[in-house]
Amino acid sequence: MPLVTNPFRALIIGSSGTIGSAFLELLENDPNCTEVEGIHRNSACPIDYQDLSTIELAATALSSSAPFGLIINTIGLLHSSEWMPEKKLGDLQAEQLQNLMQVNAIGPSLTIKAFSKLLDPAGAVMATLSAKVGSIEDNRLGGWYSYRASKAALNMLIKTASIEFSRTKPNTALIALHPGTVNSRLSKPFKGEQLGRPPLEAAQDMLHVLLSLKKEDSGTFISYSGERLPW
Ligand SMILES: NC(=O)c1ccc[n+]([C@@H]2O[C@H](COP(=O)([O-])OP(=O)(O)OC[C@H]3O[C@@H](n4cnc5c(N)ncnc54)[C@H](OP(=O)(O)O)[C@@H]3O)[C@@H](O)[C@H]2O)c1
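Keep in mind it's a predicted model, so treat the numbers as computed, not measured. (Residues numbered from 1 in each chain as written. Predicted model: local features only at pLDDT ≥ 70, side-chain atom pairs only at ≥ 80, totals over all residues. Heavy atoms only, no water.)

**Q** Please clarify how the site of the ligand should be interpreted in this entry.
**A** Taken together, 27 residues surround the ligand, and among them S16, T18, R41, Y147 and S184 come closest. Separating an oxygen atom of the ligand from a side-chain N or O atom of S16 is a distance of 2.7 Å. Between the ligand and S184 there is a distance of 2.6 Å, counted from an oxygen atom to a side-chain nitrogen or oxygen. The pocket occupied by the ligand, as judged from atoms lying within 2 Å of grid points, is the largest pocket. Of all the secondary-structure elements, those providing two or more residues to the shell around the ligand are α1 (18-28) and α4 (145-168). Here the residues of the shell around the ligand are counted per class, giving 11 nonpolar, 12 polar and four charged. (Near = heavy atom within 4 Å. Polar contact = N/O pair within 3.5 Å; in protein donor to acceptor, adjacent residues only side chain to side chain. 1 Å grid on protein atoms, 1.4 Å probe; cavity = no way out; pocket = protein on both sides within 12 Å on 5 of 7 lines; lining within 4 Å. Sits in = over half its atoms within 2 Å of the grid points. Helix = DSSP H or I, 4+ residues; strand = E, 2+ residues; numbered from the N terminus. Nonpolar A, V, L, I, M, F, W, Y, C, P; charged D, E, K, R; others polar.)

**Q** I would appreciate a short explanation of the environment of N104 in the present structure.
**A** The residue N104 is located in helix α3 (residues 94-115) in this model. Of the residues examined, N104 reaches a relative accessible area of 0% and is grouped as buried. Remark: the alpha-carbon pair of N104 and Q50, spanning 54 residues in sequence, is separated by 11 Å. Leave out the neighbours within four places in its chain, and N104 touches G76, L77, Y147, S150, K151 and L154. Of the polar contacts made by the side chain of N104, one reaches the side chain of S150; its length is 3.1 Å. (Buried < 20%, exposed > 50% of the residue type's maximum accessible area, 1.4 Å probe, protein only. Contact = heavy atoms within 4.5 Å.)

**Q** Explanation requested: helix α2 (residues 53-62) in the structure shown.
**A** Along an α-helix, residues three or four positions apart point the same way, because every turn accommodates 3.6 residues. Restricting attention to buried positions, one finds in α2 the residues T54, I55, A58, A59 and L62. Down the axis of α2, the buried set is contained in an arc of 135 degrees. They therefore lie on one face. Summarising the geometry of α2, the exposed residues directed more than 90 degrees from the buried face are L57 and T60. On its buried side, α2 packs onto β1 (8-13), β2 (33-39) and α3. (Arc of directions from axis to C-beta.)

Below, the structure written as structure tokens:
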């Protein structure tokens, strides 16, 4: 039986982003979703991974809206105005690596720690958007050192927490979710507009997967199509 039962409440973390806002729109129009909250770094209760103290504060502020049957964290970073993904080892810079670790691994794992208290103990799914390029086994092209490493670190943190949750929160599935290539701000410099799918289409596919997850799916790395990806 799916973990998320109807009716359910949902929370989108990073709802200002392309994929985050698509999830918000879909859930606002889903008759089984009685309430959907969206938070981001400029929302009323802000969550900003440059200031990690905001994570606990945001979780505490949202506790009156809990429990949530579905929490999706869509926060992530690939490039900035100062740097782009590395093409070769010679491009590796400490500042870029630290920044991506902070936004793609440290922030999301502390978010799991803080927000998992808001999950519905009767049945819930918490998904964090990862990326297939974070798969160590699937790495055939190389490059993108910092982004790959930060998503691989995120994947390990999710897997480890899922093992603990199988004992402490047995009705919860904690997963790493790959959205596919989506036309967004993040993918724009890499032909995202030509290669990527429309965000609503991608979010619809991912929602379908999330709403059918069962207990035994916890601790997996899943694609928008439902395919299990190698870690
Ligand atoms: N698009 C793709 O093709 C693709 C492929 C694989 C994986 N992904 C993953 O999917 C997720 C969503 O990506 P997207 O395509 O929707 O990108 P996006 O449109 O750039 O959205 C990124 C989101 O992350 C937030 N964010 C960035 N830095 C932050 C920080 N320091 N603190 C708090 N929030 C921060 C942004 O907030 P602001 O709005 O305030 O900037 C925004 O809400 C990411 O985790 C990404 O790695 C995307």
